[in-house]
Amino acid sequence: MSKAFMYHDIRDPQQSSHPRRLELRSFLSTAQFKHQLKFITKNYRVIEPRRLKENLQDGCAILTFDDGLKDHYLVAEMLHEAKLKATFLIPTLAIRARKVIKVHKIQFILATISEEKVVENIFDLMGSDPYERDALWNAFSVSSHPNNWWSKEMVFVTNFLRRHEAGDAITDKLFIKFVTKDERDFCSDFYLTPEEVGHMGECGMTIGGHGYTSTDLANLNDQEKEIKESLLYASRFSAPPLSFSYPQGSYNDDTVSYVKKHNCELAYTTLSENITSNTDLLQIPRFDAPQTLPLS
């Protein structure tokens, strides 16, 4: 059976102005990534994503990298030198418009001040009385993940800012207050530039979409616009087939129909399963590599 592996940040903590964020389990140091890459190439045959259809059961591996991060430019160089190909899935808003996507704003807020202080600031901005605060806490502090390892405060902050109707405005206020007022400067260190993405595509890497704003698609009113614009932008940098990854692993039947409508042939989930002959290529499972493979 084949597998797809999912990566996000690959950066050494000393190279980050917010090292606390890199303590999250999905992030790797450069040395850890090199160790995992050595493990993968020893145990699997890494293939180009476009060859997946004919290799569903051949013990192959696909490497995917979400979020369009600056780190990925060095990763692409490393893979190119090793004659390996991978898929890099980019959020249009971050790469083209130089805006920080919401999920990253939340992560950096939590990496800058204590979780308890973020909760306090949310309640202060909401102006809630004690009863309303209790109701909000009870509604948003429960994790839907069976193997959740986050604190109740982390769960509350993430759920509230992602799902509450006031979440967008409050996220922006907290990001400006505690992280930075200059998003464009922040993006220059954190996200790939269009030129870097183009060079990665020229070197044979597949460039796919990760949403326009990289938001929760299953709960979005206009999914099709988000998907269409994302795929259209990604297609500038990479030859077919078009690829897409569902932001935050969130999608439904409508999402799948829209990616298919806009000529996407490979779409990735966050479901941790092997790829088999029955795998729907618009619902490809992926293992979170940092939590699946040996780190040293």
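Quick look at the structure, then. (Residues numbered from 1 in each chain as written. Predicted model: local features only at pLDDT ≥ 70, side-chain atom pairs only at ≥ 80, totals over all residues. Heavy atoms only, no water.)

## As for the overall build of the protein
Here is the rule: Helix numbering and strand numbering both begin at the N terminus, where a helix is a DSSP run of H or I of at least 4 residues and a strand a DSSP run of E of at least 2. The atom set for the radius of gyration is the C-alpha atoms, and the globule formula is 2.2 Å times the number of residues raised to the power 0.38. To sort residues, take the accessible area from a 1.4 Å probe on protein chains only and compare it with the maximum for the residue type: under 20% means buried, over 50% means exposed, and anything in between is partly exposed. Residue contacts follow a heavy-atom distance rule, with two residues in contact if any of their heavy atoms lie within 4.5 Å. Here the Shrake-Rupley method, with its probe set to 1.4 Å, supplies the accessible areas, and only the displayed protein chains count as covering residues. Note that His is not counted, nor are the chain ends; the positive residues are Lys and Arg, and the negative ones are Asp and Glu. Lys charges are placed at NZ, Arg charges at CZ, Asp charges at CG and Glu charges at CD.
Regarding its fold elements, the protein presents 13 helices and 8 strands. At 19 Å, the protein has a C-alpha radius of gyration in line with the 19 Å of a compact globule built from 296 residues. Considering only C-alpha atoms, the protein reaches an extent of 60 × 40 × 35 Å along its principal axes. For the protein, buried positions account for 54% of its 296 residues. For the protein, restricting intrachain contacts to residue pairs at least 6 apart in sequence, the fraction spanning at least 24 positions comes to 68%. As displayed, the protein offers around 14,100 Å² of accessible surface, 47% of which is attributable to carbon and sulfur atoms. Here the protein carries 35 positive and 40 negative side-chain charges, and the mean point of each set is 4 Å from the other.

## What to know about the packing of aromatic side chains
Quick reminder of the rule: Aromatic pairs are defined between Phe, Tyr and Trp rings, using the six-membered ring for Trp, whenever the two ring centres lie within 6.5 Å; interplanar angles under 30 degrees are classed as stacked, those over 60 as edge-to-face, and all others as tilted.
Within this structure, the stated rule accounts for 19 aromatic pairs. Measuring from centroid to centroid gives 4.9 Å for phenylalanine 108 and phenylalanine 186, while their planes differ by 90°, and the two rings are edge-to-face. Within this pair, whereas phenylalanine 108 is found in helix H4 (residues 102-112), its partner phenylalanine 186 is found in helix H9 (residues 183-190), the two being separated by 78 residues in sequence. You'll find phenylalanine 108 and phenylalanine 186 in the same group, each marked buried. Note on phenylalanine 156 and phenylalanine 160: the rings are 5.7 Å apart at their centroids and 20° apart in plane angle, and the pair reads as stacked.

## A closer look at the pairing of strand E6 (residues 242-245)
Where we set the bar: Only strands that DSSP links by at least two bridges are regarded as paired with each other. Looking down the strands as they point away from the viewer, one classifies a crossover as right-handed if the path from the first strand across the helix to the second runs clockwise.
On E6, burial covers both faces: Leu242 and Phe244 on one face and Ser243 and Ser245 on the other are all buried. Across 4 bridges, E6 lies against strand E7 (residues 264-268) in parallel orientation. Bridge assignment links serine 245 to a residue of E7, and that residue is tyrosine 268. Crossover handedness for the path E6 to helix H12 (residues 253-261) to E7: right-handed.

## Focus on the environment of lysine 83
Position of lysine 83 among the secondary structure elements: in the loop between helix H2 (71-81) and strand E4 (87-90). By relative accessible area, lysine 83 is classed as exposed at 76%. Sequence separation between lysine 83 and valine 46 is 37 residues, and the spatial gap between their C-alpha atoms is 9.8 Å.

## Considering the environment of leucine 161
With respect to the helices and strands, the residue leucine 161 is situated in helix H7 (residues 152-163). Under the relative-accessibility criterion, leucine 161 is labelled buried at 0%. For leucine 161 and lysine 102, which are 59 residues apart along the polypeptide, the C-alpha to C-alpha distance reads 8.8 Å. Setting aside residues up to four positions removed in sequence, leucine 161 forms contacts with Lys102, Ile106, Ile122, Gly167, Asp168, Ile170 and Thr171.

## So, the packing of helix H11 (residues 223-234) against H12
So the rule is basically this: Angles here are taken between N-to-C directions and fall from 0 to 180 degrees, while the axes themselves are lines fitted to C-alpha atoms, restricted in helices to the stretch in contact. Helix crossings are classified by the rotation of the near helix relative to the far one: an anticlockwise turn of less than a right angle makes the crossing left-handed, while a clockwise turn makes it right-handed. Asp, Glu, Lys and Arg are counted as charged, while Ala, Val, Leu, Ile, Met, Phe, Trp, Tyr, Cys and Pro are counted as nonpolar; the rest, among them Gly, fall into the polar class.
Between H11 and H12, whose axes approach to 9 Å, the crossing angle comes to 35°. Note that H11 runs across H12; the crossing there is right-handed. Between H11 and H12, the residues in contact are Gln223, Glu224, Ile227 and Leu231 and Asp254, Thr255, Tyr258, Val259 and Lys261, respectively. Among the residues forming the contact of H11 with H12, the class breakdown is 4 nonpolar, 2 polar and 3 charged.

## Brief notes about the packing of helix H5 (residues 115-126) against helix H8 (residues 167-178)
For the record, the criterion: Orientation labels follow simple angle bins: below 35 degrees gives roughly parallel, above 145 gives roughly antiparallel, 65 to 115 gives roughly perpendicular, and whatever is left gives oblique.
The geometry of H5 relative to H8 is characterised by a closest axis approach of 11 Å and an angle of 125° between their N-to-C directions. Put simply, H5 runs oblique to H8. Like other packed secondary-structure pairs, H5 and H8 cross with a definite hand, here right-handed. Contact residues: Lys117, Val118, Asn121, Ile122, Leu125 and Met126 in H5; Ile170, Lys173, Leu174, Lys177 and Phe178 in H8.

## Digging into helix H10 (residues 194-202)
Within H10 the residues assigned to the buried category are Glu196, Val197, Gly198, Met200 and Gly201. Positive backbone phi, at 95°, marks glycine 204, one or two positions downstream of H10.

## Brief notes about the pattern of salt bridges
We apply this condition: Any Lys or Arg side-chain nitrogen found within 4 Å of a carboxyl oxygen on Asp or Glu counts as a salt bridge.
Counted under the stated rule, the structure contains 10 salt bridges. Across the pair aspartate 168 and lysine 102 runs a salt bridge, and its minimum N-O distance is 2.6 Å. Placement of the pair is aspartate 168 in helix H8 and lysine 102 in helix H4, with a sequence separation of 66 residues. Take aspartate 168: its relative accessible area is 46%, and that puts it in the partly exposed class. Salt-bridge contacts for lysine 105 lead to glutamate 183; the nearest nitrogen and oxygen are separated by 3.1 Å. Of this pair, lysine 105 sits in helix H4 while glutamate 183 sits in helix H9, and the two are 78 residues apart along the sequence. Comparing lysine 105 with glutamate 183 shows no difference in burial state: the two are buried.

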